[in-house]
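Per-entry structural report
Residue-level listing of the chains:
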Amino acid sequence: MAGKKQSSTNNYRDEDIQVLEGLVAVRKRPGMYIGSTGSSGLHHLIWEIVDNAVDEHLAKFATKIDVTIHKDQSITVTDNGRGIPTGMHPSGVPTIQVVFTVLHAGGKFGGNGYKKSGGLHGVGASVTNALSEWLKVAVHRDGHIYEMRFESWTERSGIEHVGEAATKLRKTGQSQMTGTTVSFLPDKKVFGQFHIQADTVAERLQEIAFLNAGLTMTLKDERTDFSESYSYNGGAKEFVKYLNEDKTTLNDIVHIQGEKEDIEVEVAFQFHDGFTETIASFVNTIPTRGGGTHETGFKAAYTRVMNEYARRNGLLKEKEKNLEGSDLREGMMCVLNIKMGEVEFVGQTKDQLGSSNARSVVDAITTDKLTVYLDEHPDESQMLLKKAVLAFKAREAARKAREDARNGKKGRGEGAMLHGKLTPAQSKDARRNELFIVEGDSAGGSAKQGRDSRVQAILPLKGKPMNPEKAKLGDILKNDEYRAIIHSIGAGIANEFDVEDCLYSKIILMTDADMDGAHIQVLLLTFFYRYMKPLIDEGRVYIAQPPLYKINFKGGKNAESKYAWTEEQLQVALKQSKKHAEVQRFKGLGEMNPDQLWETTMNPETRSLMQVIIEDAAKTERRVTTLMGDQVDPRKRWIMDHVDFTEVTE
Ligand code: 1YM
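Residues numbered from 1 in each chain as written. Predicted model: local features only at pLDDT ≥ 70, side-chain atom pairs only at ≥ 80, totals over all residues. Heavy atoms only, no water.

All right, on to helix 20 (residues 617-628) then. If you check helix 20, its first and last C-alpha atoms are 16 Å apart, about what 12 residues at 1.5 Å a residue would give, namely 16 Å. For helix 20, the side-chain oxygen to backbone nitrogen distance between the N-cap and alanine 618 is 3.1 Å, and the N-cap itself is aspartate 616. (Helix = DSSP H or I, 4+ residues; strand = E, 2+ residues; numbered from the N terminus. Expected span 1.5 Å × (residues − 1). Polar contact = N/O pair within 3.5 Å; in protein donor to acceptor, adjacent residues only side chain to side chain.)

One open sheet accounts for three strands, arranged 22-21-23; its pairing is antiparallel. On the outer flanks of this sheet lie strand 22 (560-564) and strand 23 (581-585), each paired with one strand and no other. Here the average twist between neighbouring strands, direction ignored, is 20°. Relative to strand 23, strand 21 (residues 549-553) is paired through five bridges, and the arrangement is antiparallel. Within strand 23, the residue paired with lysine 550 across the bridge is glutamine 584. In this fold helix 18 (residues 567-576) packs onto strand 21, strand 22 and strand 23, with an angle of close to 5° to the strand it touches most, strand 21. (Pairing = 2+ DSSP bridges. Axes fitted to C-alpha atoms, helices over the stretch in contact; angles between N-to-C directions. Contact = heavy atoms within 4.5 Å.)

Right, let's get into the pattern of salt bridges. Considering all chains together, one arrives at 29 salt bridges under this definition. Across the salt bridge formed by arginine 329 and glutamate 277, the nearest N and O atoms sit 2.8 Å from each other. Here arginine 329 is found in the loop between helix 10 (325-328) and strand 14 (332-339), whereas its partner glutamate 277 is found in the loop between strand 11 (263-271) and strand 12 (278-283), with 52 residues between them in sequence. Glutamate 330 serves as the salt-bridge partner of lysine 387, at 4.0 Å between the closest nitrogen and oxygen. Taken together, the positions of lysine 387 in helix 12 (residues 378-406) and glutamate 330 in the loop between helix 10 and strand 14 put the pair 57 residues apart, joining distant regions of the chain. Lysine 387 sits in the buried class, given a relative accessible area of 17%. Put simply, Lys247, Glu469, Arg530 and Glu621 are held in one network by salt bridges that share partners. (Salt bridge = Lys/Arg side-chain N within 4 Å of Asp/Glu carboxyl O. Buried < 20%, exposed > 50% of the residue type's maximum accessible area, 1.4 Å probe, protein only.)

This next bit is on the side chain of serine 183. By secondary structure assignment, the location of serine 183 is in strand 7 (residues 179-186). We classify serine 183 as buried; its relative accessible area is 8%. Polar side-chain contacts of serine 183 include one of 2.9 Å to the side chain of threonine 76. Dropping the residues within four chain positions of it, serine 183 is found in contact with Ile75, Thr76, Trp134, Leu135 and Lys136.

What follows deals with the pairing of strand 1 (residues 64-69). Pairing of strand 1 with strand 8 (residues 216-221) involves six bridges; the strand directions are parallel. Bridge assignment links valine 67 to a residue of strand 8, and that residue is leucine 219. In this structure, strand 1 lies alongside strand 2 (residues 75-79), joined through five bridges in antiparallel fashion. Pairing of valine 67 across the sheet is with valine 77, part of strand 2. Taken together, strand 1 and the strand that follows it, strand 2, pair antiparallel across an intervening segment of five residues, in which glutamine 73 is found at a positive phi of about 70°.

Before going further, it helps to spend a moment on the layout of surface pockets. Of the pockets and cavities examined, the second largest pocket occupies roughly 1,600 Å³. Looking at the second largest pocket, it is lined by 45 residues, and the ones nearest its centre are Asp246, Arg622, Thr625, Thr626 and Pro634. Secondary structure elements with two or more residues in the lining of the second largest pocket: helix 7 (198-211), strand 9 (226-230), helix 8 (236-243), helix 16 (515-531), helix 20 and helix 21 (632-642). Here the residues of the lining of the second largest pocket sort into 14 nonpolar, 12 polar and 19 charged. (1 Å grid on protein atoms, 1.4 Å probe; cavity = no way out; pocket = protein on both sides within 12 Å on 5 of 7 lines; lining within 4 Å. Points joined across faces, edges and corners; volume = space filled by probe spheres on them. Nonpolar A, V, L, I, M, F, W, Y, C, P; charged D, E, K, R; others polar.)

This part covers the sheet that holds strand 12. Pairing is mixed in the open sheet, where five strands are placed in the order 10-11-14-12-13. Either end of the sheet is taken by a strand with one partner, and the two such strands are strand 10 (254-260) and strand 13 (286-287). Across six bridges, strand 12 lies against strand 14 in parallel orientation. Residue pairing for strand 14: threonine 278 is matched across the bridge by methionine 333. Strands strand 12 and strand 14 of the sheet are contacted by helix 20, whose axis makes an angle of about 140° with strand 12.

With that out of the way, let us pick up the packing of aromatic side chains. Applying the stated criterion to the full structure yields 14 aromatic pairs. Aromatic pair phenylalanine 100 and phenylalanine 150: ring centres 5.9 Å apart, planes at 35°, arrangement tilted. Here the residue phenylalanine 100 occupies a position in helix 4 (residues 95-101), and phenylalanine 150 occupies one in strand 4 (residues 144-154), the gap between them amounting to 50 residues. The residues phenylalanine 100 and phenylalanine 150 share a single accessibility class, namely buried. (Phe/Tyr/Trp six-rings, centres within 6.5 Å; stacked < 30°, edge-to-face > 60°.)

So, about the confidence of the model for the chain. The predicted coordinates ought not to be read in detail in places where the model reports low pLDDT. Per-residue confidence for the chain gives a mean pLDDT of 87, with 90% of residues at or over 70. In this model, residues 105-115 is a region of pLDDT below 50 whose contacts with residues beyond four sequence positions or in other chains number 17 contacts. Every residue in residues 118-122 is under pLDDT 50, and counting partners more than four places away or in other chains gives nine contacts. (pLDDT = per-residue confidence, 0-100.)

So, about the environment of aspartate 221. Positionally, aspartate 221 belongs in strand 8. Once the C-alpha coordinates of aspartate 221 and glutamine 73 are considered, the two residues, 148 residues apart in sequence, prove to be 9.2 Å apart. Those residues in contact with aspartate 221, other than ones at most four positions away along the chain, are Ile69, Ala198 and Phe226.

Structure, rendered in structure tokens:
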């Protein structure tokens, strides 16, 4: 037995060392664990802790989660669940210590209450600890209060200590309540001078509340005295109502709920008079922006059930083709939330549900419930089907007109739209071709001369396009700039848009690096989002990254110049050269000659492009409406919250 004791002591040491290495790794490469050390990564620290509290709700124990942002920007998250177990872990340290110092520990060894957790997705509370100056836990459980504190610090010799236990697990009082409180201060050494954004937190808490009927989420910001509480009994249904708030809706919200094979499914959807299809999907309250098996199951069932209904009721003749999913879902606002155990995420960014049983379960439940719903609501069903038939016909007609135009036949007036603005690429290969939409004629001129004419097409725009969020489709079709874009892309617009017909693999927005350029970008992105969304969904929209500075080195015969895209690059370039340098801040693309524009911004070998993606469907939909729509108050509030007016810009 002595031998055994010896070895268990050794194990404890081994384990301890491993633990330290784990957290040091997080410090060394935070991006690997939280994506970035910018604002998104900073807020990730909060999500990790909140996720554990939400898991405790999913395990059916917690009903309330409170988040407080303190004046010093430390954060406190409290839940009223069972409290993290306060016993010893087999490795010889308290379980609480393992939860906060071992990577991926969340929910792995706590027993069976944790079935429907997002645990595997979140990298765990230990990451929050690793990137905090300090973190403390208080657990109310079994009549006692237990506390423990962790700290990160650097010895004078330079040795780093990351998220180490700074106290033992101590009993500090008595309590008849149960629950967990975690407080932490994000480390400035990691995040610099950071700012916790109250409304980013509020939005996520509200989203969680929508997705978990019966869970109350509260937020208190002690910096501003803001406080809010979110609690919804309608779940996904209320979420859809909220998302469609400013829209003209066409039907009552359809709400589908069911459980099968231990997977809970909740879907709510409602149609509006726009064309955009928004499916905000979640697994255990975690957004799955890449979609996945649950979305596939829903879409397949929806398409099948609607077509079957149409045939049963004579709305589709025997000879007619089935209606396509995209036609049926035009203008659909949908929230899909499932709760399941052993979640499997796939895809490069792990934001896609891979679990195959989710597909069949969501399909089966949607099929059952939707069939009943359609039979009970014949008027609505007919209206939705007629709408899809119209969408289908419009798309087919538009496609035929485009084909005719391309084959030299005259479309109905469409051929006249081909004006001299676009400089096309020589190649007709859509898989290789790129379209540059360029701000201003002078930059357009440089781009034309500098481009690779085989595969790069240039479309210069004059001035600012109109705000598509405030315009009607009719106005857009009359607008010269938008007409030129629609025609150049060649795939129609709105409900007639068909990404298959798009003539380019990449649509690249190239604007000046100033306020006007940024504004044009936002207007064009709104246009693509509202009227050609499949282009964004397929990852075909990009933003060019022209350099911000040109550094002209003087002296001697061989005067040379360099470019810098960031302030840091500029400083490095200046330090590296001993020659006298003159820094020029680029005011616009037009200041570059064709060769320079090619080299810095257009050459696929040397350029860098920013790909436009939709991270969170619900959030994007809300943001576009707030920032681009016609209501002024919500926009003002957002701007006051997000824009730092002390920053001096030229
Ligand atoms: C404010 C953050 O972390 N709550 C929380 C965490 C746990 C439990 C309850 C819990 C889980 C289990 C059993 C179980 C966690 N426990 C663990 C582990 N709120 C917050 N509330 N009893 C309590 O998994 O069966 C990790 S998280 F692993 F220790 F069980």
